[in-house]
Amino acid sequence: QVQLVESGGGLVQAGGSLKLSCVGSELFFGIYVMEWYRQAPGKQRELVAGITSGGSTNYADSVKGRFTISRDNAKNTVWLQMNSLKPEDTAVYYCKLPLLNIWGQGTQVTVSS
């Protein structure tokens, strides 16, 4: 069974940075599109960023220029570098393998003002 495990969340002040990691157990991890989502309290889960197997990326307008998604297929890992964090970035962040509809357990990011 494919598993995704996120890490790297925490508490940070506004303007700070965090780097989230998502490690997958799938042998052929490198062929899949991978995505990061987030869900703030009382809000719907939203797509933050996605990356193809070849490294093409897309971002939500709210994070463009501040967040960077990247991957290392040899390490079965996807990262989300988050810079210039704002209080409104506070949420649980999830890694997703959309083709198989597999989600990680989530990691909490809290940005204080």
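For the structure itself, look to the data block above.
The following paragraphs examine the structure supplied in this document. Please read these numbers as outputs of a predicted model, since none were measured by experiment.

Turning next to the pattern of salt bridges. Under the criterion given, the structure shown has four salt bridges. A salt bridge links arginine 38 to glutamate 46, with the shortest nitrogen-to-oxygen separation between them at 2.7 Å. For arginine 38, a relative accessible area of 7% puts it in the buried group. With a shortest N-O distance of 3.2 Å, lysine 64 and aspartate 61 are connected by a salt bridge. In this structure, a network of salt bridges that share partners links the residues Arg38, Glu46, Arg66 and Asp89.

Attention shifts here to the packing of aromatic side chains. Counted according to the given criterion, the structure contains two aromatic pairs. Seen from their ring centres, tyrosine 94 and tryptophan 103 are 6.2 Å apart, and the 90° between their planes marks the pair as edge-to-face. Overall, tyrosine 94 belongs to the buried group, its relative accessible area being 13%. Directly above the aromatic system of tyrosine 94 lies the positively charged group of arginine 45, at a separation of 3.8 Å from the ring centroid. Lying over the aromatic face of tryptophan 103, arginine 45 brings its terminal NZ or CZ to 4.6 Å of the ring centre.

Bringing the state of the cysteines into the picture now. Going through the model one piece at a time under the given rule, you end up with one disulfide. Two residues share a disulfide in this structure: cysteine 22 and cysteine 95, whose sulfurs sit 2.1 Å from each other. Around the S-S axis, the bridge from cysteine 22 to cysteine 95 shows a dihedral of about -75° and counts as left-handed. Of this pair, cysteine 22 sits in strand β3 (residues 18-24) while cysteine 95 sits in strand β9 (residues 91-97); the two residues are 73 residues apart in sequence, bridging distant segments of the chain. Note on accessibility: cysteine 22 and cysteine 95 belong to one class, buried.

As a further point, take the pairing of strand β11 (residues 107-112). Consecutive residues of a regular strand have side chains that alternate between opposite faces of the sheet. Of the two faces of β11, only the one carrying Thr107, Val109 and Val111 is buried; Gln108, Thr110 and Ser112 on the other face are not. Two elements, strand β2 (residues 10-13) and β11, share four bridges in a ladder whose sense is parallel. Looking at the pairing, glutamine 13 lines up with serine 112 of β11. Across three bridges, the pairing between β9 and β11 is antiparallel. Looking at the pairing, tyrosine 93 lines up with threonine 107 of β11.

Ranked by internal contacts, the top residues of the largest apolar core, which has 29 residues, are Met34, Trp36, Leu80, Met82 and Tyr93. Every element with two or more residues in this core is listed here: β3, β4 (34-39), β5 (46-51), β7 (67-72), β8 (77-82), β9 and β11. Tallying contributions element by element places β9 first for this core, with four residues. Excluding its chain neighbours within four sequence positions, the residues that come into contact with leucine 80 are Leu18, Lys19, Leu20, Trp36, Val48, Ala49, Phe67, Thr68, Ile69 and Tyr93.

The rules behind these values
- Residues numbered from 1 in each chain as written.
- Predicted model: local features only at pLDDT ≥ 70, side-chain atom pairs only at ≥ 80, totals over all residues.
- Heavy atoms only, no water.
- Salt bridge = Lys/Arg side-chain N within 4 Å of Asp/Glu carboxyl O.
- Buried < 20%, exposed > 50% of the residue type's maximum accessible area, 1.4 Å probe, protein only.
- Phe/Tyr/Trp six-rings, centres within 6.5 Å; stacked < 30°, edge-to-face > 60°.
- Lys NZ or Arg CZ within 6 Å of the ring centre and 35° of its normal.
- Disulfide = S-S within 2.5 Å.
- Helix = DSSP H or I, 4+ residues; strand = E, 2+ residues; numbered from the N terminus.
- Pairing = 2+ DSSP bridges.
- Core = buried A, V, L, I, M, F, W, Y, C linked by side-chain atoms within 4.5 Å.
- Contact = heavy atoms within 4.5 Å.

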